[in-house]
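# Coordinate inspection notes
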Amino acid sequence: MDQPFDDDAALIDVYSPADGAREIQMTPDKAAFVKALHSLCGDNMITDSARLAVYETDGLTAKRRLPWIVVKPGTIAEVQAIVKLCHTHSVPIVARGAGTGLSGGAMPHDEGVLLSLARFNRVLSVDEAGMTARVEPGVTNLGITAAVQHLGLYYAPDPSSQIACTIGGNVAENSGGVHCLKYGLTVHNVAALKVVSPEGDIYDLGSEALDAAGLDLLALMHGSEGMLGIVVEVTVRLLARPPSVCVALAAFADVASAAKAVGDIIASGILPAGLEMMDQLAIRAAEAFVHAGYPEEAGALLLCELDGTPTDLKRLAVRMEALLRDSGSTGVTIAWDEAERARLWQGRKAAFPAVGRISPDYYCMDGTIPRRALPDVLNEIGALSTAFGLRVANVFHAGDGNLHPLILYDANKTDELQRAEAFGGRILELCIERGGTITGEHGVGAEKIDQMCIQFTDDERTVFFGVKACFDPTGILNPGKAIPTLSRCAEFGAMHVHRGQEPHPELERF
């Protein structure tokens, strides 16, 4: 078995509310820990480097780290026992679902245990009358809908990776998807969670009722990126399938016109189930990949899904088509047939892999801005693309301003990865400048930790440290992610000055 530790005790950085970071000492007897862990996991423990390499990265493949040990428990009791052992020996734990996350949140700790929840893949029960389902965290997002569709029900959040991403990961990142505009993010569609604490204890959050007593810790757990507890069971809310659905595809001459139309739609009082935008580069990549029938000559397109009763929907579709044409659309088509609707959405859902066919690598960003800022920000991203010398494809949730610029680069070419990361960082800073935030659904993870220094003040980050310490006082859960230390923010501010950039006002104190 590989032993990456030396004979001395390893030091692990963790958070404390007092100074942002401190060091704790791991138990020196690593052999005893490994032996005890093997007695718990048996063949579901991985230690050889070839098999460990499978887990060295999540969807953010630019950042990689080999885990020390991977374990694959199959029951809640096994998870509890593993976590208790890690707590006793002060060994870091990173929980992992399908590894489809795009911010490095599931990147392993090289001196810790990667806890895979892949075997937790069962739908435990469905309450048709209560319209809920109780599932394990390794069930795929799309798998929930597949399990209840015969009842005329479905699970609303639908990330583009829904065929592979798991509900536990959706909770960790508070994922959204095409239908988040009308039906909300993961946090709006989960009723209850069962969580294992860093000490190995079990506690329940939320309720199948409309509300639960006490502080809203259920919402706090969503988007916490595995830093506060390990989710081992999720109760999701289900919806009845709408009786009628249509999808409008509208072509525009440029992204600014399409972005303005987004504001016009919402201002009209129409609330689409989904409202997505793609620019020309994304359109052409998707069309070449899946042949969705997209207008390749368009500078941008909007996909707008409406749902409701057949009578109401027909009136709404007429209003929508007129509004899109008045907003400058060069062509509108409306799909009513289920197969035709699915084909239009397939192009959008396949946009990420489609872009992967036209570039050796791409860097997927995730920032959110107010809808009113869409035209301005998209134009600025275009200018930044020229300045950094890298192409960018825009495909995103336009209705809620959740941007997903895909920065195209070639990692084999000198400094292109560094330029792509710098370009992405500048996009996130642009989102902040326009009154937005550095993430909409991908989380902070390891990717955006420096931009947290701009988004939040040192006092605000100290509050985050305090919350972390309340749930995880020894700091073993996913350490080093999401919350930057004060010293890191000082270094980040100094780097900005060194590059000749004006520091953000929040960094002036460092």
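As the structure is a computational prediction, the values presented were derived from the model and not from experiment. (Residues numbered from 1 in each chain as written. Predicted model: local features only at pLDDT ≥ 70, side-chain atom pairs only at ≥ 80, totals over all residues. Heavy atoms only, no water.)

What follows is about the pairing of strand β22 (residues 405–409). Of all five residues that make up β22, five are buried, and the element is covered over most of its length. Side chains P405, I407 and Y409 of β22 all project onto a buried face; the interleaved residues L406 and L408 project onto the opposite face, where all are buried too. For strand β18 (residues 361–364) and β22, the ladder comprises four bridges, and the chain directions are antiparallel. Following the sheet pairing, D361 is matched in β22 by Y409. The pairing of strand β20 (residues 392–396) with β22 spans three bridges and is classified as antiparallel. The residue bridging V392 from the neighbouring strand is I407, located in β22. (Buried < 20%, exposed > 50% of the residue type's maximum accessible area, 1.4 Å probe, protein only. Helix = DSSP H or I, 4+ residues; strand = E, 2+ residues; numbered from the N terminus. Pairing = 2+ DSSP bridges.)

Pairing within the open sheet is antiparallel, and its seven strands lie in the order β17-β14-β16-β15-β20-β22-β18. For this open sheet the edge positions go to β17 (331–335) and β18, each flanked by a neighbour on one side alone. Each neighbouring strand pair of the sheet contributes to a mean axis angle of 20 degrees, computed without reference to strand direction. In this structure, strand β14 (residues 244–252) lies alongside strand β16 (residues 300–308), joined through nine bridges in antiparallel fashion. (Axes fitted to C-alpha atoms, helices over the stretch in contact; angles between N-to-C directions.)

Taken N-terminus to C-terminus, the directions of helix α13 (residues 374–388) and helix α14 (residues 416–433) make an angle of 155 degrees; their axes are 11 Å apart at the nearest point. Between α13 and α14, the angle falls in the class roughly antiparallel. Crossing of α13 against α14: the hand is right-handed. Taking contact as the criterion, the partners of V377, E380, I381, L384, S385 and F388 in α13 are, on α14, R419, A422, F423, R426, I427 and L430. Grouping the amino acids of the contact of α13 with α14 by side-chain chemistry returns eight nonpolar, one polar and three charged. (Parallel < 35°, antiparallel > 145°, perpendicular 65-115°, else oblique. Left-handed = near helix turned anticlockwise from the far one by under 90°. Contact = heavy atoms within 4.5 Å. Nonpolar A, V, L, I, M, F, W, Y, C, P; charged D, E, K, R; others polar.)

Before going further, it helps to spend a moment on helix α11 (residues 338–349). Taking 1.5 Å as the rise per residue, α11 with twelve residues should run 16 Å; its terminal C-alpha atoms sit 16 Å apart, in good agreement. Of the positions making up α11, those classed as buried are R341, L344, W345, G347 and R348. Summarising the axial view, the buried residues of α11 lie within an arc of 150 degrees, below the 170-degree limit, and thus occupy one face. Exposed side chains of α11 directed beyond 90 degrees from the buried face belong to E338 and A339. The opening residue of α11, the one whose side-chain oxygen lies 3.0 Å from the backbone nitrogen of A339, is D337. (Expected span 1.5 Å × (residues − 1). Arc of directions from axis to C-beta. Polar contact = N/O pair within 3.5 Å; in protein donor to acceptor, adjacent residues only side chain to side chain.)

Right, let's get into the pattern of salt bridges. All chains considered together, the criterion is met by 23 salt bridges. Across the pair R64 and E56 runs a salt bridge whose closest N-O atoms are separated by 2.9 Å. For R64, a relative accessible area of 49% corresponds to the partly exposed category. The closest approach of N and O atoms between E433 and R426, which form a salt bridge, is 3.1 Å. By relative accessible area, which is 42% here, E433 ends up partly exposed. (Salt bridge = Lys/Arg side-chain N within 4 Å of Asp/Glu carboxyl O.)

Bringing the packing of aromatic side chains into the picture now. What the rule picks out here adds up to four aromatic pairs. Summarising the aromatic geometry, the rings of F388 and F423 are spaced 5.1 Å apart at their centres and angled 5 degrees between planes, so their arrangement reads as stacked. A residue pair is termed long-range when its members are at least 10 positions apart, and F388 in helix α13 and F423 in helix α14 qualify at 35 residues. (Phe/Tyr/Trp six-rings, centres within 6.5 Å; stacked < 30°, edge-to-face > 60°.)

The subject of this paragraph is the environment of G401. Inspection of the secondary structure puts G401 in the loop between β20 and β21 (402–403). For the pair G401 and D366, spaced 35 residues apart in the sequence, the C-alpha separation amounts to 10 Å. For G401, the contacting residues outside a window of four places in its chain are G367, T368, I369 and R371.

Together, L215, L217 and L220 line one region of the surface with nonpolar side chains, adding up to about 280 Å² of accessible area. Here L215 shows up in the loop between β11 (202–206) and α7 (217–221). (Patch = residues over 30% accessible without salt bridge, like charges linked within 9 Å, V, L, I, M, F, W, Y side chains within 5 Å. Areas by Shrake-Rupley, 256 points an atom, 1.4 Å probe, with all protein chains shown as cover.)

Three or four residues apart is the spacing at which side chains of an α-helix point the same way, because the helix has 3.6 residues per turn. The end-to-end C-alpha distance of helix α16 (residues 458–471), which contains 14 residues, comes to 20 Å, matching closely the 20 Å that a straight helix rising 1.5 Å per residue would cover. Taken residue by residue, α16 has D458, R461, F465, G466, K468, A469 and F471 as its buried positions.

Working definition of a disulfide: a covalent bond connecting the sulfur atoms of two cysteines. All told, the structure shown has one disulfide when counted by the stated rule. A sulfur-sulfur distance of 2.1 Å marks the disulfide that ties C453 to C489. With the S-S bond torsion at -85 degrees, the cross-link from C453 to C489 turns out left-handed. Of this pair, C453 sits in helix α15 (residues 452–455) while C489 sits in helix α17 (residues 486–498), and the two are 36 residues apart along the sequence. Unpaired in this structure, C364 has its nearest cysteine sulfur neighbour in C431, at a distance of 12 Å. Judged by its relative accessible area of 5%, C364 falls in the buried class. (Disulfide = S-S within 2.5 Å.)

Next up on the list: the packing of helix α8 (residues 255–267) against α13. At a closest axis distance of 8 Å, the pairing of α8 and α13 adopts a crossing angle of 155 degrees. When the axes of α8 and α13 are compared, the pair comes out roughly antiparallel. Crossing handedness for the pair α8 and α13: right-handed. Contacts between α8 and α13 involve V255, A256, A259, K260 and V262 from the first element and L374, P375, L378 and N379 from the second.

Another point: the sheet that holds strand β7 (residues 123–127). Two pairing modes exist for strands in a sheet, parallel and antiparallel, and in both the strands are linked by backbone hydrogen bonds. If you walk across this open sheet you meet the five strands as β7-β8-β12-β10-β11, and the pairing is antiparallel. In this open sheet, the two edge strands, each paired with only one partner strand, are β7 and β11. When strand polarity is set aside, the average angle formed by the axes of neighbouring strands in this sheet is 15 degrees. Inspection of the sheet shows strand β10 (residues 190–196) paired to strand β12 (residues 230–237) by six bridges, in the antiparallel sense. The residue of β12 that forms the bridge with K194 is E233.

Without other data, these values stay purely geometric and don't point to any function.
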